[in-house]
Amino acid sequence: MRSLLQFTLDLFDGIGDAEPMPVPEKKFKPERVDTPAAAPALPLKDAMTLARFVHPRATREAVLGNARVAYEFTRGKRRTIGFVVGAEGLSVRAPRWVNLRDVDAAVQEKADWIVRKLGETQQRHARLESARIDWKDGVRFPFLGEPVVVRLDPRHGHSGVGGAVLETEAAEGGEQRTLRLAVAQTAAPEQIRDAAQAWLTRQARRLFIERLDHFAPQLGVQWKKLALSNAATRWGSASSDGSIRLNWRLIHFRLTVIDYVVAHELSHLRVMDHSARFWDTVETVVPDYNTLRKQLKDEAVPRWD
């Protein structure tokens, strides 16, 4: 018999194929208690050494190992206690009939997982902030895994929105790739960003089509349509009708990482889930997909906002 209370663990981190942690069965009596409880008091010297994670809409707190976690708690029409670690912090959602003592016990039981995911999310956010692009002459960003220097060159002959050309130039210590944008030196940051994005999306579409055509025959599938996305938490998706969506920001990564995402989505045209059979399919064309998948999650992607 399935437990009356299960835990659902979610992490919004990329392609979205994370698996839930197994949880031992535990039965609870449906006792309703709605009086909030604060985290236990600690000696001052201990409290000052705790890591602290605070959700902006926190309504409850808990001391979990070496961390004090203030989390968002909500009730609703659901059958399970759910834990979600996102950019803002920890959210805990529970059925209306579960009492708060049992919610607190569930949070403590998953303390190691919660603190680990909060730490990983905090580190990822720090990497993202450090990768924010300051749009001006001389700014750098990665293109196919290698740095490109932006130069504003209104005299450049390639006109129009996103008018640009990529050149290789001599530089101190070797060569550098320079992207010359046909915009004025006085252009606003938004104009520079839009010109660079227009060029990058053209490169992305061209390359993605090339890689889709490369892997589709190997996987025995046919793709019908490509759309570029700008999603914040998803690198790609596939529909059973052969439609593929790929995030244009993948163009920042090395070709091997792009190939993993392309093969991942094409494999869904054969297996529309993340079962063992699906990963076996991916492995037939990208044997080191696990390493590339980790790189996709760990590498900082430039912030365009």
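Now for a quick tour of the structure. (Residues numbered from 1 in each chain as written. Predicted model: local features only at pLDDT ≥ 70, side-chain atom pairs only at ≥ 80, totals over all residues. Heavy atoms only, no water.)

**Side note on the overall build of the chain**
- Along the chain, the regular secondary structure elements total 7 helices and 13 strands.
- Across the 305 residues that make up the chain, the buried fraction comes to 46%.
- Pairs at least 24 residues apart make up 57% of the contacts formed inside the chain by residues separated by at least 6 positions. (Helix = DSSP H or I, 4+ residues; strand = E, 2+ residues; numbered from the N terminus. Buried < 20%, exposed > 50% of the residue type's maximum accessible area, 1.4 Å probe, protein only. Contact = heavy atoms within 4.5 Å.)

**Here's the deal with the packing of aromatic side chains**
- Enumeration according to the criterion identifies 5 aromatic pairs in this entry.
- Aromatic pair Phe143 and Trp199: ring centres 5.0 Å apart, planes at 50°, arrangement tilted. Linking Phe143 in strand S7 (residues 140-143) with Trp199 in helix H4 (residues 189-219), this pair joins segments that are 56 residues apart in sequence. (Phe/Tyr/Trp six-rings, centres within 6.5 Å; stacked < 30°, edge-to-face > 60°.)

**What about unusual backbone geometry?**
- A positive phi is found at Leu144, a non-glycine position, where the angle reads about 55°.
- In this fold, Leu144 is placed in the loop between S7 and strand S8 (146-152).
- Using a relative accessible area of 27% as the deciding quantity, one classes Leu144 as partly exposed.

**Focus: helix H7 (residues 289-298)**
- By the burial criterion, the buried members of H7 are Tyr289, Leu292, Arg293 and Leu296. Within H7, the buried residues cover an arc of 105° as seen down the axis, which keeps them to one side.
- Looking at the packing, one finds that the buried side of H7 touches helix H5 (255-267) and helix H6 (276-285). (Arc of directions from axis to C-beta.)

**What to know about the environment of Ala62**
- Among the secondary structure elements, Ala62 is positioned in strand S3 (residues 60-64).
- In this structure Ala62 comes out as buried when scored by relative accessible area, which is 8%.
- Measuring from C-alpha to C-alpha, the distance between Ala62 and Val107 comes to 8.0 Å, with 45 residues separating the pair along the chain.

**Section: the sheet that holds strand S13 (residues 243-247)**
- Strand order in the open sheet formed by 3 strands is S11-S13-S12, with mixed pairing between adjacent strands. Every other strand in the sheet has two partners, leaving strand S11 (225-229) and strand S12 (236-238) as the edge strands with one partner each. Here the average twist between neighbouring strands, direction ignored, is 15°.
- Strand direction decides the pairing type here: S12 and S13, joined by 3 bridges, are antiparallel. Each bridged residue has a counterpart across the sheet, and for Ala238 the counterpart in S13 is Ile244. (Pairing = 2+ DSSP bridges. Axes fitted to C-alpha atoms, helices over the stretch in contact; angles between N-to-C directions.)

**Observations regarding the packing of H4 against H5**
- Their axes nearest at 9 Å, the elements H4 and H5 cross at an angle of 55°. If you check the angle between H4 and H5, you find them oblique. For the pair H4 and H5, the crossing hand works out as right-handed. The residues of H5 that touch H4, namely those facing Leu207, Phe208, Arg211, Leu212, Phe215, Ala216 and Leu219, are Leu255, Ile258, Asp259, Val262, Ala263, Leu266 and Ser267. (Parallel < 35°, antiparallel > 145°, perpendicular 65-115°, else oblique. Left-handed = near helix turned anticlockwise from the far one by under 90°.)

**Details of the nonpolar core**
- Judged by nonpolar contacts, the single largest core of 53 residues is most densely connected at Phe141, Leu181, Leu250, Tyr260 and Leu266.
- Secondary structure elements with two or more residues in this core: S7, S8, strand S10 (174-181), H4, S13, H5, H6 and H7.
- Counting residues per element, this core draws most heavily on H4, at 12 residues.
- Residues contacting Phe141, with those up to four places away along its chain left out, are Ile133, Trp135, Glu146, Pro147, Val148, Val150, Leu179, Ala196, Leu200 and His252.
- Ranked by size, the runner-up nonpolar core spans 23 residues in total, among them Val69, Phe83, Val103 and Leu118. (Core = buried A, V, L, I, M, F, W, Y, C linked by side-chain atoms within 4.5 Å.)

**Here's the deal with the pairing of strand S6 (residues 89-95)**
- The element S6 is extensively covered by neighbouring structure, given that 6 of its 7 residues are classed as buried.
- In this structure, strand S4 (residues 67-76) lies alongside S6, joined through 5 bridges in parallel fashion. Residue pairing across strands places Glu72 opposite Ser91, the latter belonging to S6.
- In terms of strand pairing, strand S5 (residues 81-86) meets S6 through 5 bridges, oriented antiparallel.

**Regarding the packing of H5 against H6**
- H6 packs onto H5 with a crossing angle of 135° between their chain directions and a minimal axis gap of 9 Å. On the basis of the axis angle, H5 is oblique to H6. Between H5 and H6 lies a crossing of right-handed hand. Residue-level contacts link Tyr260, Ala263, His264 and Ser267 of H5 to Phe278, Trp279, Thr281, Val282 and Val285 of H6.
- Per-class residue counts for the contact of H5 with H6 are 6 nonpolar, 3 polar and no charged. (Nonpolar A, V, L, I, M, F, W, Y, C, P; charged D, E, K, R; others polar.)

**A word on the pattern of salt bridges**
- In the structure shown here, the tally under the stated rule is 14 salt bridges.
- The residue Arg68 makes a salt bridge to Glu61 at a minimum N-O spacing of 2.9 Å.
- Judged by relative accessible area, Arg68 falls into the buried class, the value being 15%.
- When its relative accessible area of 22% is taken as the criterion, Glu61 is described as partly exposed.
- Taking the shortest distance from any N to any O, the salt bridge between Lys117 and Glu120 comes out at 3.5 Å. (Salt bridge = Lys/Arg side-chain N within 4 Å of Asp/Glu carboxyl O.)

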